[in-house]
Amino acid sequence: MVISGANSGGQPCIDELEVYAPEGDRNLALATNGAKASASSLLPGYSAHAVEHLNDGEYGNARSWIPATTGEEWRRSSCPR
């Protein structure tokens with residue numbers, strides 16, 4: 001997924017990424033289900049906005065991901081099948 005901060009005028013932020021199977025009862029992107037998140041960068045100096053917060057199952061800005069720039073950034077999650 002590529003996120004462009006230029007459209008919003010600021011840095012993008014993702015609170016929690018969720019991906020559900022057609023059955024809709026299991027979040028395939030959740031770290032506790034085996035998914036591993038990675039991203040192109042993270043906002044330096046702010047531990048509240050770490051890559052691992054993308055899919056930790058906790059909601060709120062205090063556990064979100066913010067990239068280092070306002071340009072095109074990416075994040076990826078490797079989901080188990």
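My aim in this report is to walk through the structure given alongside it, one point at a time.

Rules and cut-offs
Residues numbered from 1 in each chain as written. Predicted model: local features only at pLDDT ≥ 70, side-chain atom pairs only at ≥ 80, totals over all residues. Heavy atoms only, no water. Helix = DSSP H or I, 4+ residues; strand = E, 2+ residues; numbered from the N terminus. Buried < 20%, exposed > 50% of the residue type's maximum accessible area, 1.4 Å probe, protein only. Contact = heavy atoms within 4.5 Å. Lys, Arg positive; Asp, Glu negative; His and termini not counted. Salt bridge = Lys/Arg side-chain N within 4 Å of Asp/Glu carboxyl O. Polar contact = N/O pair within 3.5 Å; in protein donor to acceptor, adjacent residues only side chain to side chain.

## Here we look at the environment of threonine 70
Okay, so step 1: Take threonine 70: it is sitting in the loop between strand 2 (36–39) and strand 3 (72–78).
Okay, so step 2: Of the residues examined, threonine 70 reaches a relative accessible area of 42% and is grouped as partly exposed.
Okay, so step 3: Sequence separation of threonine 70 and glutamine 11 is 59 residues, and the distance between their C-alpha atoms is 4.7 Å.

## Observations regarding the side chain of histidine 49
Okay, so step 1: Turning to its location among the elements, histidine 49 is positioned in the loop between strand 2 and strand 3.
Okay, so step 2: Residue classification places histidine 49 among the buried residues on the basis of a relative accessible area of 9%.
Okay, so step 3: Every residue in contact with histidine 49, bar those within four places of it in the chain, is listed here: Leu42, Leu43, Asn61, Ser64, Trp65 and Ile66.

## Considerations on the side chain of glutamate 16
Okay, so step 1: Locating glutamate 16 in the fold gives a position in the loop between strand 1 (2–4) and strand 2.
Okay, so step 2: Put simply, glutamate 16 is tucked away with no salt bridge, and the nearest opposite charge, on arginine 63, sits 7.1 Å away.
Okay, so step 3: Side-chain polar atoms of glutamate 16 contact the backbone nitrogen of glycine 57, separated by 2.7 Å.
Okay, so step 4: If near-sequence neighbours (up to four positions away) are discounted, glutamate 16 is found in contact with Leu30, His53, Leu54, Asn55, Asp56, Gly57, Glu58 and Tyr59.

## So, the environment of alanine 35
Okay, so step 1: When you line up the elements, alanine 35 lands in the loop between strand 1 and strand 2.
Okay, so step 2: For alanine 35, a relative accessible area of 6% translates into the label buried.
Okay, so step 3: Each C-alpha atom of the pair alanine 35 and asparagine 55 lies 7.9 Å from the other, and the pair is 20 residues apart in sequence.

## Concerning the pattern of salt bridges
Okay, so step 1: Following the criterion strictly, the structure yields 2 salt bridges and no others.
Okay, so step 2: Arginine 63 is the partner of aspartate 56 in a salt bridge, and the nearest nitrogen-oxygen pair spans 2.8 Å.
Okay, so step 3: A relative accessible area of 18% places aspartate 56 in the buried class.
Okay, so step 4: Arginine 63 is the partner of glutamate 58 in a salt bridge, and the nearest nitrogen-oxygen pair spans 3.3 Å.

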